[in-house]
Amino acid sequence: MKRIDLNCDLGESFGAWRMGEDSALLALVSSANVACGFHAGDPTIMQRTVAEATARGVAIGAHVSLPDLQGFGRREMAVTPAEVHAMTLYQLGALDGFARAAGSAVAHVKPHGALYNMAARDRVLADAIADAVRAFDPSLRLFGLAGSALLDAGRAAGLAVVSEAFADRRYRADGSLQPRREADAVITDDAEATAQALRMAVDGVVTAVDGTAVQLEADTLCLHGDGAHAVAFARALRAALEQAGLRIVAPGVA
């Protein structure tokens, strides 16, 4: 049976402010990318999210970001490779502490937002992230955009890489994501997003905004937990994947 991982960005509340329905989503995904305090999350939220993911058997990932709470980590910043390396280590260490205390462990690393997109195209920054992950724990998996510089950097560093595709984002002909600042970059129709996800998972193809058929490898599908209908979409997507004969399981799980 063909496998696919279903991942979601979680733990993105902060203080008294709440984002998403993490508990409901943790019942539907196989991997959780937990905010580490730089774009969202705080120690209490991190602890709670890790504990619940552990209880549900969901793989835990460090969702490392640029330090930008106000911009939710979606604004690019002028950062050096050394700074990116240190930021990655700092956030990984924080999440690892909560994972260990919960009797679990961090399984993967996935950059968030602007850092994710910058590392997808900038090999020097990608190398900084990959080197930090390897220095922390070479057994960790590195999630990155299918066909991106981040996956190349991960492979060069000797890491196991996980090629990611997005159910609800539109793609350009070069395989990059259409920037969120552009109109219609996010697919809001659940049926359309599900159909795109199925095609990527089963056939390894996505239709770009210009109509081009783009080949991509999808080891994991990302769904966003901050949408108004995130839980309903996650439930429908999981059902559609299973009906297509795919086994939903985290990378590395037998």
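Cut-offs used in this document
- Every chain is numbered on its own, with residues counted from 1 as its sequence reads.
- Local features in this predicted model are restricted to residues whose pLDDT is 70 or higher, and side-chain atom pairs enter the listing and the counts only when it is 80 or higher, whereas totals over whole chains, interfaces and linings include all residues.
- Where side-chain values are given, they derive from all heavy atoms of the structure, hydrogens and water being excluded.
- In this description a helix means any DSSP run of H or I spanning at least four residues, a strand means any run of E spanning at least two, and both kinds are numbered starting from the N terminus.
- Partly exposed residues are those whose accessible area sits between 20% and 50% of the maximum for their type, while under 20% is buried and over 50% is exposed, using a 1.4 Å probe and protein chains only.
- Note on contacts: a residue pair qualifies if any of its non-hydrogen atoms lie within 4.5 Å across the two residues.
- Only the protein chains shown count as covering a residue, and every accessible area follows the Shrake-Rupley method with a 1.4 Å probe.
- Charge counting treats Lys and Arg as positive and Asp and Glu as negative, with His and both chain ends excluded.
- In plain terms, the charge of a residue is placed at NZ if it is Lys, CZ if Arg, CG if Asp and CD if Glu.
- Pairing between two strands is assigned when DSSP locates at least 2 bridges connecting them.
- Stacked, tilted and edge-to-face are the three classes applied to pairs of Phe, Tyr and Trp rings, where Trp contributes its six-membered ring and a pair requires centres within 6.5 Å; stacked means planes under 30 degrees apart, edge-to-face means over 60, and tilted covers the rest.
- Each reported salt bridge corresponds to a side-chain nitrogen of Lys or Arg within 4 Å of a carboxyl oxygen of Asp or Glu.

Colleague: So, the overall build of the protein chain: which residues are in play, and what are the values?
Modeller: From N to C terminus, the protein chain includes eight helices and ten strands. The principal-axis extents of the C-alpha atoms in the protein chain amount to approximately 40 × 35 × 35 Å. Of all 254 residues assigned to the protein chain, the portion counted as buried reaches 53%. In the protein chain, once contacts between residues fewer than 6 apart in sequence are set aside, the share between residues at least 24 apart is 71%. Approximately 10600 Å² of the protein chain is accessible, and the part contributed by carbon and sulfur atoms is 52%. With 23 positive and 30 negative side-chain charges, the protein chain shows a separation of 3 Å between the mean positions of the two kinds.

Colleague: I'd like a description of the environment of G97, backed by residues and values.
Modeller: Along the chain, G97 falls in helix α3 (residues 81–101). Classification of G97 as partly exposed rests on a relative accessible area of 38%. For the pair G97 and F38, spaced 59 residues apart in the sequence, the C-alpha separation amounts to 16 Å.

Colleague: Outline the pairing of strand β1 (residues 3–10), listing residues and values.
Modeller: Each regular strand displays side chains that alternate between the two surfaces of the sheet. Judged by how many residues are buried, β1 sits mostly within the fold: seven of eight residues are covered. Where β1 lies against strand β10 (residues 247–248), two bridges are found, and the strand directions are parallel. Paired with I4 across the two strands is I248, which belongs to β10. Inspection of the sheet shows β1 paired to strand β9 (residues 220–223) by four bridges, in the parallel sense. When the bridges of β9 are listed, N7 appears paired with C222. Bridge analysis of β1 against strand β2 (residues 31–35) gives four bridges, and the strand direction is parallel. In the sheet register, N7 faces β2, and the bridge partner there is S31.

Colleague: Tell me about helix α4 (residues 113–121), and please be specific about residues and values.
Modeller: Those residues of α4 that sit buried are A114, L115, Y116, M118, A119 and A120. Check the buried side of α4 and you find it contacts α3, α5 (123–136), β5 (141–145), α6 (149–156) and β6 (160–166).

Colleague: With reference to specific residues and values, describe the packing of aromatic side chains.
Modeller: What the rule picks out here adds up to two aromatic pairs. Between F38 and Y90, the ring centres sit 5.6 Å apart and the planes meet at 45 degrees, which makes this aromatic pair tilted. Of this pair, F38 sits in the loop between β2 and α2 (43–56) while Y90 is found in helix α3, placing the two residues 52 residues apart along the sequence. Taking the relative accessible area as the measure of exposure, F38 reaches 17% and is therefore buried. The interplanar angle of 85 degrees and the centroid separation of 5.7 Å between the aromatic rings of Y116 and F166 together place this pair among those described as edge-to-face. In this pair, Y116 is assigned in helix α4 and F166 in strand β6, connecting sequence segments 50 residues apart. Per residue, the accessibility class of Y116 equals that of F166, and both read buried.

Colleague: Go over unusual backbone geometry with me, naming the residues and quoting the values.
Modeller: For F72, which is not glycine, the phi dihedral falls at a positive 55 degrees. When you line up the elements, F72 lands in the loop between β3 (59–63) and α3. Of note, the phi angle at D184 is positive, near 65 degrees, even though the residue is not glycine. Turning to its location among the elements, D184 is positioned in the loop between β6 and α7 (190–203).

Colleague: Could you give an account of the environment of V209, naming the residues involved and the relevant values?
Modeller: With respect to the secondary-structure elements, V209 resides in the loop between β7 (205–207) and β8 (213–215). Each C-alpha atom, one on V209 and one on A62, is 31 Å from the other, the two residues being 147 residues apart in sequence. Residues contacting V209, with those up to four places away along its chain left out, are R170, Y171, R172 and Q178.

Colleague: Mind laying out the pattern of salt bridges, listing which residues take part and the relevant values?
Modeller: According to the stated counting rule, one finds 13 salt bridges in the structure shown. Residue K110 is joined to D9 by a salt bridge in which the shortest nitrogen-to-oxygen separation is 3.3 Å. With a gap of 101 residues between them, K110 in the loop between β4 (106–109) and α4 and D9 in strand β1 connect regions that are remote in the sequence. D9 matches K110 in its accessibility class, with the two residues each being buried. Two residues, R56 and E52, come together in a salt bridge whose shortest N-O distance is 3.7 Å. Of this pair, R56 and E52 both sit in helix α2, separated by four residues, roughly a single helical turn.

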